[in-house]
Amino acid sequence: IYVGYLRKAKGIDTVLDAFRLLQKNIPGASLIIVGAGEEESRLKSMVLDNGVKSVVFLGHIDSREKLNSILRESDIFCFASVSEGSTRVVLEDMANGLNVVSTPVGSLPTTFCSGKDIEFFDFNDSVGLCEKIIQLVNDPLRAYSMRISAYEKVSSMTIDLFKTY
């Protein structure tokens, strides 16, 4: 799943390309994209043009209850942003029990430990993102351990505390 604005700096192209690669290894995988923005039409065209299956664009969701329900039905949150400050969406995803695979943006690298709470991949690296997802899918015990570690870390955080990291 991806949740956020659909704009160039968010790296959605990288997420979509990684998902295209992922489908070659895990044909039954699906990708949910929650959000809206100036890149939405182009991204939908990219999905169609590349023959990527099982991508659902849900648009912006105002209801926190509905969004949390969607998050809790998901397994992995992909965040390919190239520039961020405080990435609240990552905290929200971890608090909802998702594994997070992300670029090392904003305060993430100083807050979370790669391989323990989160998986980091390089900017604009769809192959790296795909590999990290496959590793989590192929090692459910490790994925579970990372989810628990991340959840425990964020359960004591407030957004104000997170901004100080």
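Keep in mind the model is a prediction, meaning the values are calculated, not measured.

Q: I tried to follow the packing of helix H1 (residues 12-25) against helix H2 (residues 40-49) on my own but got confused; where do I start?
A: Each packed pair of helices is defined by two parameters, the angle between the axes and the distance between the axes. As a packed pair, H1 and H2 sit with axes 11 Å apart at the nearest point and diverge in direction by 15°. Overall, the two elements H1 and H2 adopt an arrangement that is roughly parallel. The interaxial crossing formed by H1 with H2 has right-handed handedness. Two secondary-structure elements touch here, H1 through Ile12, Asp13, Leu16 and Asp17 and H2 through Arg42, Leu43, Met46 and Val47.

Q: Looking at this structure, I do not really get the pattern of salt bridges. What am I missing?
A: Here the idea is simple: oppositely charged side chains can pair when their charged atoms come close. Going through the model one piece at a time under the given rule, you end up with 11 salt bridges. Between Lys8 and Asp13 there is a salt bridge, and its shortest N-O distance comes to 3.4 Å. We classify Lys8 as exposed; its relative accessible area is 56%. Classification of Asp13 by relative accessible area gives partly exposed; the value is 22%. Between Arg64 and Glu92 there is a salt bridge whose closest N-O contact spans 3.6 Å. Remark: Glu92 occurs in helix H4 (residues 88-95) and Arg64 occurs in helix H3 (residues 64-72); sequence separation between them is 28 residues. Assessed through its relative accessible area of 39%, Arg64 is described here as partly exposed. One salt-bridge network, held together by shared partners, links Lys8, Asp13, Glu39 and Arg42.

Q: Explain the side chain of Asp117 to me, please; I cannot follow it from the model alone.
A: Mapped onto the fold, Asp117 is located in the loop between helix H5 (108-111) and strand S6 (119-120). A distance of 2.8 Å separates a polar atom in the side chain of Asp117 from the backbone nitrogen of Cys113. Among the polar contacts listed, one links the side chain of Asp117 to the side chain of Ser149, at a separation of 2.6 Å.

Q: Can you walk me through the state of the cysteines in this structure?
A: Where two cysteines share a covalent bond between their sulfur atoms, that bond is called a disulfide. Per the stated rule, a full pass over the model turns up zero disulfides. Free of any disulfide, Cys78 has its nearest neighbouring cysteine sulfur in Cys130, separated by 9.7 Å. Residue Cys78 is classed as buried on the basis of its relative accessible area, which comes to 6%. With no disulfide of its own, Cys113 lies 19 Å from the sulfur of Cys78, the closest cysteine sulfur.

Parameters and conventions
- Within every chain, residues take consecutive numbers counted from 1 along the sequence as written.
- For a predicted model such as this one, the threshold for reporting local features is a pLDDT of at least 70, and the threshold for listing and counting side-chain atom pairs is 80 or more; totals across whole chains, interfaces and linings nevertheless cover every residue.
- The side-chain numbers reported here are obtained from all heavy atoms of the structure, hydrogens and water having been left aside.
- Lines fitted to the C-alpha atoms define the axes, with helices restricted to the stretch that makes contact. Angles between their N-to-C directions range from 0 to 180 degrees.
- Numbering of helices and strands runs from the N terminus; a helix is a DSSP stretch of H or I covering at least four residues, while a strand is a stretch of E covering at least two.
- For classification, angles of less than 35 degrees are called roughly parallel, those exceeding 145 degrees roughly antiparallel, those between 65 and 115 degrees roughly perpendicular, and all remaining angles oblique.
- Definitions for this section: a left-handed crossing has its near helix turned counterclockwise from the far helix by less than a right angle. A right-handed crossing has that turn clockwise.
- Throughout, a residue-residue contact means that at least one pair of heavy atoms, one from each residue, lies within 4.5 Å.
- For this analysis, a salt bridge means a side-chain nitrogen from Lys or Arg found within 4 Å of a carboxyl oxygen belonging to Asp or Glu.
- Burial classes follow relative accessibility: with a 1.4 Å probe on protein chains only, a residue under 20% of its type's maximum area counts as buried, one over 50% as exposed, and anything between as partly exposed.
- What qualifies as a polar contact is a pair of N or O atoms within 3.5 Å, subject to a donor-acceptor requirement within protein and to the restriction that residues adjacent in sequence count only when both atoms come from side chains.
- A pair of sulfur atoms, both from cysteines and within 2.5 Å, is called a disulfide here.

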